Amino acid sequence: TSFRTTADMIDSIRKIGNLTGEPKKAEALASNMISKLTSIKKRWISAEKKKILIVWGRNPIVVAGTNSYMNEHMDTIGATNAMASSKIPYPKIGLEELISMDPDVIIDLSMGSEKNDESGKIWSGVHALRAVREKKVYSMNTGDVRRGPRLADGLEKLAKMIHSE
């Protein structure tokens, strides 16, 4: 099943539980996720909002736009999306656009062969970016923030990263 929001994902967990004859396990998992997400949001909702850029790919640069599922969780982690102007879920951007948005923090989730390069080396030459100058470019495993049962744990890790905890 395909889902666009966290509510869709949680609903899918419940449906799978029903289909597999494990509705109680599925409900426990769904309730646990909702509880964790609520707890994370309570912790970070009043934090100073960091303007973050979620990078899914580096060649070309592909980022999370406002219609991406990660955008749904910006408030949860005390952040705003640096790519808020895009209605495209995963827009490709150029270096000029990246420099003009000047995010506080860059979260690099690059996949595949790009992952073999260390994020620091890729971004280190772009001193026009505040995130680079302030050493706020972080690499994170895409599996940590994929839509699934571990999403809340990944978001908590992400929040701690962007707020330097």
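Residues numbered from 1 in each chain as written. Predicted model: local features only at pLDDT ≥ 70, side-chain atom pairs only at ≥ 80, totals over all residues. Heavy atoms only, no water.

Caption draft 1: Structural detail: the packing of aromatic side chains. Tallied over the full model, the rule gives 2 aromatic pairs. Ring centres of tryptophan 56 and tyrosine 69 lie 6.3 Å apart, and the angle between their planes is 50 degrees; this geometry places the pair in the tilted category. Taken together, the positions of tryptophan 56 in strand β1 (residues 50–58) and tyrosine 69 in the loop between β2 (61–63) and β3 (79–81) put the pair 13 residues apart, joining distant regions of the chain. Pair check on accessibility: tryptophan 56 and tyrosine 69 agree, each one buried. Relative to tyrosine 90, the ring of tryptophan 56 lies with its centre 6.0 Å away and its plane at 85 degrees, an arrangement referred to as edge-to-face. Of this pair, tryptophan 56 sits in strand β1 while tyrosine 90 sits in the loop between β3 and β4 (92–93), and the two are 34 residues apart along the sequence. These aromatic residues form a ring-pair network of at least three members: Trp56, Tyr69 and Tyr90. (Phe/Tyr/Trp six-rings, centres within 6.5 Å; stacked < 30°, edge-to-face > 60°. Helix = DSSP H or I, 4+ residues; strand = E, 2+ residues; numbered from the N terminus. Buried < 20%, exposed > 50% of the residue type's maximum accessible area, 1.4 Å probe, protein only.)

Caption draft 2: Region of the structure containing the pairing of β1. Among the 9 residues of β1, 7 are classified as buried, and the element is accordingly described as predominantly covered. Bridge analysis of β1 against β3 gives 3 bridges, and the strand direction is parallel. Bridge pairing in β3 links lysine 51 to threonine 80. Bridge count between β1 and β2: 3 bridges; the pairing is antiparallel. (Pairing = 2+ DSSP bridges.)

Caption draft 3: Representation of the pairing of strand β5 (residues 105–108) within the structure. Taking every second residue as pointing to the same face, both faces of β5 are buried, with Val105 and Ile107 on one and Ile106 and Asp108 on the other. As defined by bridge partners, β1 adjoins β5 across 4 bridges and the pair is classed as parallel. Counted as the bridge partner of valine 55 is aspartate 108 from β5. Pairing of β5 with strand β6 (residues 137–139), which is carried by 3 bridges, proceeds in the parallel orientation. Note that in β6 the partner of isoleucine 106 across the bridge is valine 137.

Caption draft 4: Unusual backbone geometry, seen in detail. Geometrically, the link from asparagine 59 to proline 60 is a cis peptide bond, its omega value of 5 degrees lying close to zero. Structurally, proline 60 is set in the loop between β1 and β2. The phi dihedral of lysine 135 is positive, around 55 degrees, even though this residue is not glycine.

Caption draft 5: Representation of the environment of aspartate 11 within the structure. Looking at where aspartate 11 falls in the secondary structure, it is placed in helix α1 (residues 6–19). Along the chain, aspartate 11 and alanine 30 lie 19 residues apart, while their C-alpha atoms are 8.0 Å from each other.

Caption draft 6: Inspection of the nonpolar core at higher detail. The biggest cluster of nonpolar side chains holds 32 residues, and the ones touching the most others in it are Ile54, Trp56, Met70, Ile107 and Leu158. Looking at this core, the elements that each hand over two or more residues are α1, α2 (23–44), β1, β5 and α6 (151–162). Element by element, the count of residues in this core is highest for α6, at 7 residues. Here isoleucine 107 is in contact with Leu53, Ile54, Val55, Tyr138, Met140, Leu158, Met161 and Ile162, once residues within four sequence places are set aside. (Core = buried A, V, L, I, M, F, W, Y, C linked by side-chain atoms within 4.5 Å. Contact = heavy atoms within 4.5 Å.)

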